[in-house]
Each structure stands twice: as structure tokens, then as C-alpha cells.
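Listed here are the chains, written in short residue letters.
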Amino acid sequence: ISDAQQAVNALSKGEIDFIEAPSHDLLPTLKKDPNVNVFVSPLAKLQYVFRPNTLHKPFDNPKVRHALWYAFNQEDFLMTTIGDENYIRPCKALFICDTPLATTKGTDGLLTSNAKKAQELLKEAGYDGTPVVLMHSTDLKTLTNLAPVAKSLMEKAGFKVDMQSMDWQTLVARRAKKDPPEAGGWSAFLTAWVAADVMNPVSAAYVNSGCDKASFGWPCDAEMEKLRDEFARSSDLAKQKEIAEAVQKRNIEFTAMIQVGEYIQPVAMRKNVKGYLTSPVPVLWNVEITK
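This structure is a prediction, so every number in the text was calculated from the model and none was measured.

**Things to note about the overall build of the protein chain**
Part 1: A count of helices and strands for the protein chain gives eleven helices and eleven strands.
Part 2: Its C-alpha atoms give the protein chain a radius of gyration of 20 Å, within 12% of the compact-globule value 19 Å for 291 residues.
Part 3: Across its three principal directions, the C-alpha atoms of the protein chain cover 65 × 45 × 30 Å.
Part 4: Residues classed as buried in the protein chain amount to 50% of the 291 residues present.
Part 5: Partitioning the contacts of the protein chain with sequence separation of at least 6, the portion at a separation of at least 24 is 73%.
Part 6: By element, 50% of the accessible surface of the protein chain is carried by carbon and sulfur atoms, the whole surface being about 13,500 Å².
Part 7: Side-chain charges in the protein chain split into 34 positive and 35 negative, and the spacing between the mean points of these groups amounts to 1 Å.

**Here's the deal with the state of the cysteines**
Part 1: Under the counting rule described, the total for this entry stands at two disulfides.
Part 2: Covalent S-S linkage joins Cys91 and Cys97, the inter-sulfur distance amounting to 2.1 Å. In this structure, the disulfide formed by Cys91 and Cys97 twists by about 105° around the S-S bond and is classed as right-handed. Take Cys91 and Cys97: they sit in the same class, and that class is buried.

**So, the pattern of salt bridges**
Part 1: Inspection of every chain in the model, using the stated rule, returns 15 salt bridges.
Part 2: Close ionic contact of Glu262 with Lys45 constitutes a salt bridge, the shortest N to O distance being 3.5 Å. Of this pair, Glu262 sits in strand β8 (residues 258-264) while Lys45 is found in strand β3 (residues 45-52), placing the two residues 217 residues apart along the sequence. Summarising the burial analysis for this pair, Glu262 and Lys45 share the class buried.
Part 3: Arg89 is the salt-bridge partner of Asp98, the closest N and O atoms lying 2.3 Å from each other.
Part 4: Note on Asp98: relative accessible area 62%, which makes it exposed.
Part 5: Owing to a relative accessible area of 33%, Arg89 belongs among the partly exposed residues under this scheme.
Part 6: In this structure, a network of salt bridges that share partners links the residues Asp221, Glu223, Arg250 and Glu253.

**Side note on the packing of aromatic side chains**
Part 1: In the structure shown here, the tally under the stated rule is twelve aromatic pairs.
Part 2: Through successive ring pairs, a cluster of aromatic residues spans Phe50, Phe59, Phe72, Phe77, Tyr127 and Phe159.
Part 3: It is Arg51 that lies over the ring of Tyr206; its NZ or CZ is 4.2 Å from the centre.
Part 4: Sitting over the ring of Tyr70, Lys117 keeps its end group 5.7 Å from the ring centre.

**Some thoughts on the side chain of Asp33**
Part 1: Mapped onto the elements of the fold, Asp33 is located in the loop between α2 (27-32) and β2 (36-39).
Part 2: Buried within the structure, Asp33 lacks any salt-bridge partner; Arg270 is the closest side chain of opposite charge, at an N-O distance of 5.1 Å.
Part 3: Reaching out from Asp33, the side chain makes a polar contact with the backbone nitrogen of Asn35 at a distance of 2.9 Å.

Cut-offs applied
Residues numbered from 1 in each chain as written. Predicted model: local features only at pLDDT ≥ 70, side-chain atom pairs only at ≥ 80, totals over all residues. Heavy atoms only, no water. Helix = DSSP H or I, 4+ residues; strand = E, 2+ residues; numbered from the N terminus. Rg over C-alpha atoms; globule rule 2.2 N^0.38 Å. Buried < 20%, exposed > 50% of the residue type's maximum accessible area, 1.4 Å probe, protein only. Contact = heavy atoms within 4.5 Å. Areas by Shrake-Rupley, 256 points an atom, 1.4 Å probe, with all protein chains shown as cover. Lys, Arg positive; Asp, Glu negative; His and termini not counted. Charge placed at Lys NZ, Arg CZ, Asp CG, Glu CD. Disulfide = S-S within 2.5 Å. Salt bridge = Lys/Arg side-chain N within 4 Å of Asp/Glu carboxyl O. Phe/Tyr/Trp six-rings, centres within 6.5 Å; stacked < 30°, edge-to-face > 60°. Lys NZ or Arg CZ within 6 Å of the ring centre and 35° of its normal. Polar contact = N/O pair within 3.5 Å; in protein donor to acceptor, adjacent residues only side chain to side chain.

What follows is the structure, given as C-alpha cells:
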């Protein structure tokens, strides 16, 4: 059911039993329903990320990408998309706040919407006004407002932005293309990762900087790959923390991705749904519906 309000109405009437990702602005309505349980898993945290395409102008220049750290702030992204302070957390840690590898080292002054500093960096980088083709997902509520926020903040920093709207499946197909932005490719998009997927340098797909072996955006950085390899081969937590900190600092220098905030996604279910398990993502193992 694509319409969020229609889905909530169906749950309230008993026409459906479960909503995986109810709209945050409708949670107060659901909480008042005596037949509905809104369940918040402490593990169900997600991280918003901005992903630049490093193959083509303007983001083939790491100095241009670095300006984004000053252009963005996490609060705007989180409040515009989620809008409820009970379910959001600005977090500068690359590997998720309140986890063993969380650190804010190297992030001072970043993600503060310092447009003046971003403008200075773009000038130093020789940015020539090449448009940023920003893909805008329109049909998933938790993603819909991300690109407009990015566009606004980037334009204040001096970027020229061509935001192109499409449904998520079209975005997914297009992000696999390596064509130049002006030939049907892209410059950047935003998405969300389940926290459990991005808690270390090995599992975090967008930290992978293995050139053609990397994920969409194809960052290519030998130093980052050396650090990821060292992390994978280390079994000592203290050493892993040291490497993870170095990875975070290197990502800020190289900018394979930018974390733009964390949020919690509750699920909603009829109260006759029993056996739901606490997990990082919704799973329907062990679930039964009672009368």
C-alpha cells in the first residue's frame, strides 16, 4: 500500500496485520489505537548517507567532494525526513553511535552548514560550475525529502544542482550506470543503510574504495583499501578501534560517502500478532496471529 495514511487505516480496520515502516508522522495516531502495537527495536537504527559518483565531474575531484562536509548539516536532513526528535539522532560517527567503533575524531567543524567555508573550498578546488545531477527518490517516504535538503544546502555552498526526480526502482537501475551525468548517468544520490550493515570498515559497502570492485560511485583509494585489509586481519579490539578511526579520517579526506544522520524505524502491528522478534531489521520468523 503506497499511501501511508491508507496503510494506517487498513491496519486500524484489521484489513492488514503489520506495517514494516509506518510513517513517523502517523505514529501518534497508531499509538492511540487500542488494537495496535507500535514496537521500537533498540537495534532498528538506520543511517542516512550521501553517495557521490567519483568517476565524473564534479565529484571526480576529492577537493570538491570535501566541501560537502562543510555544506551539510545532519539536523536539516533528519527533521525534514523524520521530523520527530524521539526517533532521530545527529551522529558524526561513521560507524554508528553507541557501538564499539564509534568515534567523532576528525569531525570537528564538519556537518555544520558552514556555507562560507564550503564556498572557499570549492574556489580552491577550481570548481567550474559543472552541474551536480542529483537523483531524487520520490516514492519511499523516509527518502523523499533527502535530495531537496541536499540541493538547498549545496546551492548555498556554491554548487549548481540539477535534481532529477524518479521512483526508487528507476534510481536503483540508473545508479549502476557509469555513463557521464549528461549522458544518462548521475553525480549523487542519498539512501539509508540499516545500522547492522555499516558498523565496521569491512561490512560498510560505501567505505569500500576498490575502484571497479567498489559499489555504485566507484571510489578508488589504495590507502583506504589498505586500512580495510588491516582491519579484516586484526582480531584485537583496541587495534580495530585504531584502524576504524583512521578509516573515518581517511573517508573525510577522500569522501567516498557522507553520513547525514541516524534514525529509528518502529514497526506497527495488530495486537493479535504474537512472537515478533527483536532484530536489526523486521523479520517474520516465529510470528503467529491469534484470535
